[in-house]
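Coordinate analysis (summary)
Letter by letter, the chains look like this.
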Amino acid sequence: MSQLADPQRDEDLFDNPKYSVMVAVCTHLGCVPVPNEGLWKAYFCPCHGSHFDHAGRIRKGPAPTNLEIPPHKHVSAKTLYLGDPASL
């Protein structure tokens, strides 16, 4: 984990281990990564070659940080609220 450019554990990224919520915009120059591609078969940005794993962590390439995790909350087993959970 320490060798990653932006190390973050899954437990710190996601409140529900069954689901991952992230913004699919590359943190390098704003391109859209392709899902199910790249070295980790997760997200690959074809514009400049950034590879992200299934948790959105940058693993290889020029992206400086992981994919963004937007504010969200799992309200129930079938409902995900996107936005500031404090406004619920």
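Residues numbered from 1 in each chain as written. Predicted model: local features only at pLDDT ≥ 70, side-chain atom pairs only at ≥ 80, totals over all residues. Heavy atoms only, no water.

1. Observations concerning the overall build of the protein chain
How we decide: Each helix is a run of H or I in the DSSP string that is no shorter than four residues. Each strand is a run of E no shorter than two, and both are numbered from the N terminus. Type-normalised accessible area, obtained with a 1.4 Å probe on protein chains alone, sets the label of each residue: buried when under 20%, exposed when over 50%, and partly exposed for intermediate values. By definition, residues are in contact when any of their heavy atoms lie within 4.5 Å. Note on areas: Shrake-Rupley with a 1.4 Å probe; residue coverage comes only from the protein chains shown. Charge assignment: positive for Lys and Arg, negative for Asp and Glu; neither His nor the chain ends contribute. For this purpose, a charge sits on NZ of Lys, CZ of Arg, CG of Asp or CD of Glu.
Regarding its fold elements, the protein chain presents one helix and six strands. Across the 88 residues in the protein chain, those meeting the buried criterion constitute 30%. By sequence separation, contacts in the protein chain at least 24 residues apart represent 37% of the contacts at least 6 residues apart. Counting only carbon and sulfur atoms, one obtains 55% of the accessible surface of the protein chain, whose full area is about 5,600 Å². Taken as two groups, the 8 positive and 9 negative side-chain charges of the protein chain have centres that lie 7 Å from each other.

2. Observations concerning the sheet that holds strand S2 (residues 43-45)
As a reminder, the rule being used: Strand pairing is defined by DSSP finding a minimum of two bridges between the two strands.
Pairing in this open sheet of four strands is antiparallel, and the strands run S1-S2-S3-S4 from one edge to the other. At either margin of the open sheet sits one strand with a lone partner, and together these are strand S1 (34-35) and strand S4 (58-60). Two strands pair when backbone bridges link them, and S1 and S2 are joined in this way by two bridges, in the antiparallel orientation. Looking at the pairing, valine 34 lines up with phenylalanine 44 of S2.

3. A few points about the nonpolar core
Heads up, the rule is: Nonpolar cores are built from buried Ala, Val, Leu, Ile, Met, Phe, Trp, Tyr and Cys residues. Side-chain atoms within 4.5 Å join them into one set.
Formed by 13 residues in total, the largest nonpolar core has its most connected members in Phe14, Met22, Cys26, Tyr43, Phe52, Ala63 and Leu67. When neighbours within four sequence positions are excluded, phenylalanine 52 is seen to be in contact with Cys26, Pro33, Trp40, Ala42, Tyr43, Arg57, Ile58, Arg59, Ala63, Thr65 and Leu67.

4. With respect to the side chain of histidine 72
Definition in use: Two N or O atoms count as a polar contact when they lie within 3.5 Å, although within protein this holds only if one can serve as hydrogen donor and the other as acceptor, and sequence-adjacent residues are included solely when both atoms are side-chain atoms.
Within the element layout of this structure, histidine 72 appears in strand S5 (residues 72-76). A polar atom in the side chain of histidine 72 sits 2.7 Å from the backbone oxygen of proline 70. If sequence neighbours within four positions are ignored, histidine 72 has contacts with Asp15, Val21, Leu80, Tyr81, Leu82, Gly83 and Pro85.

5. Observations concerning the pattern of salt bridges
Side chains carrying opposite charge are able to pair once their charged atoms draw close together. Definition in use: We define a salt bridge as a contact between a side-chain nitrogen of Lys or Arg and a carboxyl oxygen of Asp or Glu at a distance within 4 Å.
Taken as a whole and assessed by the stated rule, the structure comprises five salt bridges. A salt bridge links arginine 9 to aspartate 12, with the shortest nitrogen-to-oxygen separation between them at 3.2 Å. For aspartate 53, the salt bridge is made with arginine 59, and the minimal N-O distance between the two is 3.2 Å. Owing to a relative accessible area of 32%, arginine 59 belongs among the partly exposed residues under this scheme.

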